[in-house]
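# Tertiary structure, described
Spelled out, the chains give:
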Amino acid sequence: MANTLTMANAIRALAMDAVQQANSGHPGAPMGMADMAVALWSGHLRHNPGNPHWLNRDRFVLSNGHGSMLIYAVLHLSGYKLPMAELKNFRQLHSKTAGHPEVGVTPGVETTTGPLGQGVSNAVGMALAEKLLAAEFNRDGHTVVDHHTYTFLGDGCLMEGISHEVASLAGAWKLNKLIALYDDNGISIDGQVSPWFADNSALRFVAYGWNVLGPIDGHNTELVSNTLAEARKSTDRPTLIICKTQIGRGSPNRANTSKAHGEPLGAEEIALTRERLDWPHKPFVIPKEVYADWDAKAQGKALESEWNIRFAAYKAAYPTLAKELLRRMKGDLPKNFVQTAVDAVVAAHTKAETLASRKASQLALEAFTAALPELLGGSADLTGSNLTNTKSTPPLRFDTQGAVVKTAEDIGGRHINYGVREFGMAAIMNGVALHGGFIPYGGTFLTFSDYSRNAIRMAALMKQRVIHVFTHDSIGLGEDGPTHQSIEHAASLRLIPNLDVWRPGDTAETAVAWTVALQNRNKPTALLLSRQNIAYVAKAESSLAPEACGLDAISKGAYVLSEPAQVGLKKKPQAVLIATGSEVQLAIQAQQLLATRKIAVRVVSMPSTTTFDQQPSAYKAAVLPKGVPRVAVEMGCTGGWWKYGCAAVVGIDSYGESAPAPVLFAHFGFTPENVANTVQAALAKS
């Protein structure tokens, strides 16, 4: 029979030894949560160390990611490919044991955690994905999607406002297979939290519609295990288990103090702790019998093998469903995707409609959501403004028992009403993407991307295909004024590494932007869309840069939209106008005005600076020829445009004003006359 106390002490020893060797880290949380981890991992968690990506595995999220040595120790002990050498290399360059857990780096880590509150938010997304996939794919007698999502979280996660957003949604969605274990130790970096964290967390979660168990002794492994068994019985509510623990459990002088939180215990205190724990082994030495107690390889292999038999029976009975489930979990797009995308772009080009790009986005979504059942949409209480809903995406609803309300096609709703919860929406979408089976997208106003920003950054860091639909992208939204008018947001989002940012200028560019976003399987995308109508601009050919014009060139992020010949001037460009989004039509109008002054201008539409920046130098030079002055036009901060060698930028480096859009355009200089005059001034200087 396994010695659960020794199993827990192995975690404690590895945590304090690794932090001490790195001279950096957080030993207290793993030492405090060790008994909870033993209860979960040895008695309840269904996983296979031999295949960390097994489709029907339970998901585990360490939301309080600063306690990363907990998950590294458990993964190592239970048999994942995380050798002791990696634990000895904790927090060092290129190790698999970074300061906070990172998905895609460490086998068995489901999500990157560290920014508190986001891990539990990801867990909500994972539990939602499991529930929706189960409703869509399971059949009577064939249950192939059936797993739990477990998360450890601490006081810090509950203090972060995002925990309110996602916990409320988890209760409303009745995510009964979501189980959160709250490490209630009452300590944070600044000390005892009671002076600044006096919430009644139990009643708070009851109010969300959760099943709340405890407080219980978090160091009583048998009690924690029994409580987990009780939580698994829930049929219509997520569960919070409140576990009273001591941070730095086992340390004679540091336990239950903030000194155990974020610094090594020190050699002297570690020696005393070893004595207190009756752990006589040298640093990083684990007895064979402890490894044997922890080893989950054989059990994991048996669990997956049993599931494989069930899946084979499912595949025999429902071959099409089985194939579709595997495709979606792999993240592959359906075979008809390319044709769907071509049809959407060509239709936009052929119709040449004058539409707001948010409406153009909805038209593209109509085609894509019909062809891609994995598209899971939503909006933060702005559906009628973001236009993220389509005929193929009815609203997601649950009945009183928590079951997904089905449509006539036997598929549950695919458009989520997130409520006014931008940050929660973004982090939940990350969890949905991490789980697999869906490509999530969600909408709000561009100015509210500030609320979502850290979750957007985490999606980029984790290389997840998440699509953010940001509408009302400029002063063009008009009378709502500076609180809602985006000025710095486009430039700010473009600074996030591995985030693809698109600001399309007409219906065809919008359809291409969606196409690229759906193909970006290793990065998130932000689509910046207008409220006001934008005229369609014909895609001209160019004898000077034939490879950089036409519909095919849009996907490269920037292309030649109009040459001087299109406005009657048969000579090479004297200047280049670069524009994005709704300002493309302004650049076209300025080009026409300059033609009357015998000044030849090329207009370049640059819907995605982030994509254009990745193009070969030869293509960039074809679009932006050397020696020709460049002027950029965008209703936002000018700072990011100077890298393109611009002689001038028509932009805004102040906040907006409340007024109708046409009045604002004139006030801030977004007129053909001002753009034309700016080009002339730049030519005069050059």
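Throughout what follows, the structure given in this document is the object of discussion.

## Concerning the environment of Ala 313
Examined against the element boundaries, Ala 313 turns out to sit in helix 12 (residues 297–317). As for Ala 313 and Val 144, which are separated by 169 residues in sequence, their C-alpha atoms are 9.9 Å apart.

## Side note on a nonpolar patch on the surface
On the surface, Val 338, Val 342 and Val 346 cluster together to form a nonpolar patch covering roughly 230 Å² of accessible area. Note on placement: Val 338 falls in helix 14 (residues 337–351). Look at Val 338 and you get exposed, because its relative accessible area is 54%.

## Comments concerning the sheet that holds strand 6 (residues 211–217)
Spatially, 1-2-3-7-6 is the arrangement adopted by the five strands of the open sheet, whose pairing is parallel. Two strands lie at the open edges of the sheet, namely strand 1 (59–62) and strand 6, each paired on one side alone. Averaged over all neighbouring strand pairs, the angle between strand axes comes to 15 degrees, with direction disregarded. As paired strands, strand 6 and strand 7 (residues 239–244) are joined by five bridges and run parallel to one another. What sits directly across from Asn 211, in strand 7, is Thr 239. Across the sheet, helix 5 (residues 118–137) is in contact with strand 1, strand 2 (149–154) and strand 3 (178–184); its angle to strand 2 comes to roughly 165 degrees.

## Some points on the pairing of strand 9 (residues 375–379)
Among the five residues of strand 9, five are classified as buried, and the element is accordingly described as predominantly covered. Side chains Leu 375, Gly 377 and Ser 379 project from strand 9 onto one buried face, and the interleaved Leu 376 and Gly 378 project onto a second face that is buried too. Sheet analysis places strand 9 next to strand 11 (residues 439–445), joined by three bridges and oriented parallel. If you follow Leu 376 over to strand 11, its bridge partner there is Pro 440. Across three bridges, strand 9 lies against strand 10 (residues 415–417) in parallel orientation. When the sheet's bridge partners are listed, Gly 378 is paired in strand 10 with Ile 416.

Scoring rules and cut-offs
Residues numbered from 1 in each chain as written. Predicted model: local features only at pLDDT ≥ 70, side-chain atom pairs only at ≥ 80, totals over all residues. Heavy atoms only, no water. Helix = DSSP H or I, 4+ residues; strand = E, 2+ residues; numbered from the N terminus. Patch = residues over 30% accessible without salt bridge, like charges linked within 9 Å, V, L, I, M, F, W, Y side chains within 5 Å. Areas by Shrake-Rupley, 256 points an atom, 1.4 Å probe, with all protein chains shown as cover. Salt bridge = Lys/Arg side-chain N within 4 Å of Asp/Glu carboxyl O. Buried < 20%, exposed > 50% of the residue type's maximum accessible area, 1.4 Å probe, protein only. Pairing = 2+ DSSP bridges. Axes fitted to C-alpha atoms, helices over the stretch in contact; angles between N-to-C directions. Contact = heavy atoms within 4.5 Å.

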